[in-house]
Amino acid sequence: MDIKTASALRRLRLVSAPEAVSFLLLLVCSVLKRTTDFNAVPVMGMVHGVLFILYLIFWADAWNRAKWDLKTAALYFVLSVLPAGGFFAERKLKREAENALIASRARNEGIVSA
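Going by an unreviewed UniProt entry, the protein chain carries the name Integral membrane protein and comes from Streptomyces umbrinus. Check the Subcellular location (unreviewed entry) section of the UniProt entry for the protein chain; it says "Cell membrane".

Printed below as a string of structure tokens:
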């Protein structure tokens with residue numbers, strides 16, 4: 001894995017958890033708006049919208065650079081629209097980056113020839 005691919009995956013991983021948190025907060029704000037006088041939906045809606053757009057941009061970049069198959073790309077997209085899916089995406093991306101690092105070190109040390 002080259003440095004640009006690793007950077008793309010890292011950016012996607014770093015935005016996935018805050019996007020999930022903002023989605024959950026937006027849901028809480030929506031419930032509070034309906035049940036109380038508290039209305040933070042416009043603010044949380046904007047925050048979540050910006051983070052979601054960033055997630056989509058970073059997702060497209062990671063898909064392009066990592067050469068994911070359609071199934072993997074679709075999985076990360078579906079995780080972006082689930083309320084807590086960003087947490088699962090972050091964990092899966094972290095594992096993928098660790099495995100790529102291990103494979104890269106093994107290739108550099110001549111343990112494997114892939």
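S.K.: Account for the nonpolar core, naming residues and giving values.
M.R.: Leu12, Tyr55, Trp59, Ala62, Trp68, Tyr76 and Leu93 are the most contacted members of the largest nonpolar core, which totals 15 residues. For this core, the elements supplying multiple residues, two or more each, are helix 1 (3–35), helix 2 (41–66), helix 3 (70–81) and helix 4 (85–108). No other element matches the 5 residues that helix 2 contributes to this core. Counting 5 residues, the second-largest nonpolar core is a separate cluster that includes Leu26, Cys29, Val41 and Met44.

S.K.: A description of the UniProt feature "transmembrane region" (unreviewed entry) in the protein chain should follow, citing residues and the corresponding values.
M.R.: Sites flagged by UniProt as "transmembrane region" (unreviewed entry) map to residues 39–60 and 72–89. Helix and strand shares over residues 39–60 are 91% and 0% respectively, and the end C-alpha atoms of the span are 33 Å apart. Along residues 72–89, the helical share is 83% and the strand share 0%, with 11 Å between the first and last C-alpha atoms.

S.K.: I'd like to hear about the side chain of Arg13, residue by residue, with values.
M.R.: Turning to its location among the elements, Arg13 is positioned in helix 1. At a separation of 3.0 Å, a polar atom in the side chain of Arg13 contacts the side chain of Glu90. What Arg13 contacts, discounting residues up to four positions off in sequence, is Glu90, Leu93 and Lys94.

S.K.: Residues and numbers for the environment of Arg10, please.
M.R.: Checked against the element boundaries, Arg10 lands in helix 1. Between the C-alpha atoms of Arg10 and Ala40, which are 30 residues apart in sequence, the distance is 30 Å.

Cut-offs and rules
- The written sequence of each chain sets the order in which its residues are numbered from 1.
- In keeping with the predicted nature of the model, local features appear solely for residues at pLDDT of at least 70, side-chain atom pairs appear and are counted solely at 80 or more, and the whole-chain, interface and lining totals rest on all residues.
- Computation of side-chain values covers all heavy atoms of the structure but excludes hydrogens and water.
- UniProt positions are given in the numbering used here, feature names are shortened, and annotations may be inferred rather than shown by experiment.
- In these notes, a set of buried Ala, Val, Leu, Ile, Met, Phe, Trp, Tyr and Cys residues joined through side-chain atoms within 4.5 Å is what counts as a nonpolar core.
- Summary of the burial criterion: residues with accessible area below 20% of their type's maximum are buried, those above 50% are exposed, and those between are partly exposed, where the area comes from a 1.4 Å probe applied to protein chains only.
- By definition, any uninterrupted DSSP run of H or I lasting at least four residues is a helix, any uninterrupted run of E lasting at least two residues is a strand, and each is numbered from the N terminus.
- Pairing of N or O atoms within 3.5 Å defines a polar contact, subject to two protein rules: one partner must be a possible hydrogen donor and the other a possible acceptor, and residues neighboring in sequence count only if both atoms are side-chain atoms.
- The contact criterion used is simple: two residues touch if any of their non-hydrogen atoms lie within 4.5 Å.

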